[in-house]
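# Structural features, examined
Okay, here's what each chain looks like letter by letter:
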Amino acid sequence: MSVLFDRIALIGIGLIGSSLAHDIRRLGLTKEIVVATRSADTLKRAEELGLGDRYTTSSADAVRDADLIIVSVPVGASESVAKEIAGSLKPGAIVTDVGSTKASVIAQMQPHMPDTVHFIPGHPLAGTEKSGPDAGFPGLFEGRWCIFTPVAGTAETALKRLRGFWEALGSKVDEMDAEHHDKVLAIVSHLPHIIAYNIVGTADDLETVTESEVIKYSASGFRDFTRLAASDPTMWRDVCLHNRDAILEMLARFSEDLAYLQRAIRWGEGDKIFELFTRTRAIRRSIVQAGQDVDAPDFGRPHALDKK
Ligand code: NAP
């Protein structure tokens, strides 16, 4: 593949930043990758893993002469990063991010961006429950969506260049406004994580009552929630605080629907329960048909007899 940007600065080198580094290198999308992260320990690890060509704890240094800057830090840190890099950005550079919330990131970053650069907020819908530079891997973005939430007046040429970058990683790119993004993500990602954190927390509180049986019998359903509930606490705290309105709206809807189900169970209304469970099963089928998951039973986990 050809070089798309002469120099790319990765600000933040956790799961997302390091996955980007792997792919940028593998696909030869730049001549130089500059890695910046705030702590010396993470920087050292990134260097040991060979994720970049140059390493620094100064975001301002990293962005000097960079043509593409990708900010991959918890959304609550967006403003401090924007302030730090603002004075060192090269005219014509594209600054993007990968944050899971968009209106808040725009509010934090846009005011600091000089008119000479193109600021294009983005969010790849790809990830795992792991964090840090060791968690990244090549191909994370393959076949996954990346959503841009451009601000008014964004140059079409810059959008096209950034789109080309994500498409080179194998992603499909969509555009929408930031408020819409935050609503959609509240239901498809934020609410499921909050429910998972909550149910695992409840089970943990009950652990004394059930005498460790929660862990022992976890494969009967509970285990599937623990993957989401093992996600990075800093990242998810920030998501909750920075998409508050949309999340509260979805939680209100969720509580209402839960009360409906609770009532149906209490009154033995089997038809209502069956109708809901049939509808939800069809949603799983459409996710598989859309290529967003595999059709393997139990999410493709190996089982004892598979090995024989
Ligand atoms: P991560 O693995 O925890 O890495 C976070 C990176 O940000 C590290 O380099 C860390 O630096 C740096 N950082 C943390 N706090 C900071 C602060 N206050 N100021 C400056 N830098 C800070 O995180 P990630 O999973 O890659 O997530 C990064 C972004 O991607 C988040 O905005 C998240 O919402 C978004 N995202 C995540 C996923 C996912 O599944 N994980 C998916 C899509 C989008 P040090 O280690 O040096 O402190």
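By the naming in an unreviewed UniProt entry, the protein is prephenate dehydrogenase, taken from Rhizobium aethiopicum. Recorded under Pathway (unreviewed entry), the UniProt text for the protein is reproduced unchanged: "Amino-acid biosynthesis; L-tyrosine biosynthesis; (4-hydroxyphenyl)pyruvate from prephenate (NAD(+) route): step 1/1." Word for word, the UniProt comment on the protein under Catalytic activity (unreviewed entry) is "prephenate + NAD(+) = 3-(4-hydroxyphenyl)pyruvate + CO2 + NADH".

## Some words on the side chain of aspartate 182
Relative to the helices and strands, aspartate 182 is located in helix α7 (residues 178-210). The side chain of aspartate 182 is buried and forms no salt bridge, while lysine 102, the nearest opposite charge, is found at 7.0 Å. At a separation of 3.0 Å, a polar atom in the side chain of aspartate 182 contacts the main-chain amide nitrogen of alanine 103.

## Section: helix α1 (residues 15-27)
Between its terminal C-alpha atoms α1 stretches 18 Å, which fits the 18 Å expected from 13 residues at 1.5 Å a residue. When you tally the buried positions in α1, you get 10 out of 13 residues, the bulk of the element. Turning to α1, its buried residues number three or more, namely Leu15, Ile16, Gly17, Ser18, Ser19, Leu20, Ala21, Asp23, Ile24 and Leu27. In this fold, the buried residues of α1 make contact with β1 (5-11), β2 (30-36), β4 (68-71) and α6 (156-168).

## With respect to the environment of glycine 201
Relative to the helices and strands, glycine 201 is located in helix α7. Overall, glycine 201 belongs to the partly exposed group, its relative accessible area being 28%.

## With respect to the nonpolar core
One finds Leu10, Leu20, Phe165 and Trp166 to be the most contacted residues of the largest nonpolar core, which totals 36 residues. Counting only elements with at least two residues in this core, the list comes to β1, α1, β2, α2 (40-48), β4, β8 (145-148) and α6. If we skip the residues at most four places from it in the chain, leucine 20 touches Leu10, Ile70, Ser72, Val98, Phe141, Phe165, Trp166 and Leu169. Counting 24 residues, the second-largest nonpolar core is a separate cluster that includes Ile69, Leu89, Val95 and Ile106.

## Things to note about the pattern of salt bridges
Summed over all chains, the structure comprises 20 salt bridges. A salt bridge links aspartate 238 to arginine 237, with the nearest nitrogen and oxygen atoms 3.0 Å apart. Residue classification places aspartate 238 among the buried positions, given a relative accessible area of 5%. Exposure remark for arginine 237: the relative accessible area of 48% places this residue in the partly exposed category.

About the criteria used
- Residues numbered from 1 in each chain as written.
- Predicted model: local features only at pLDDT ≥ 70, side-chain atom pairs only at ≥ 80, totals over all residues.
- Heavy atoms only, no water.
- UniProt positions renumbered as here; feature names shortened; annotations may be inferred.
- Helix = DSSP H or I, 4+ residues; strand = E, 2+ residues; numbered from the N terminus.
- Buried < 20%, exposed > 50% of the residue type's maximum accessible area, 1.4 Å probe, protein only.
- Lys, Arg positive; Asp, Glu negative; His and termini not counted.
- Salt bridge = Lys/Arg side-chain N within 4 Å of Asp/Glu carboxyl O.
- Polar contact = N/O pair within 3.5 Å; in protein donor to acceptor, adjacent residues only side chain to side chain.
- Expected span 1.5 Å × (residues − 1).
- Contact = heavy atoms within 4.5 Å.
- Core = buried A, V, L, I, M, F, W, Y, C linked by side-chain atoms within 4.5 Å.

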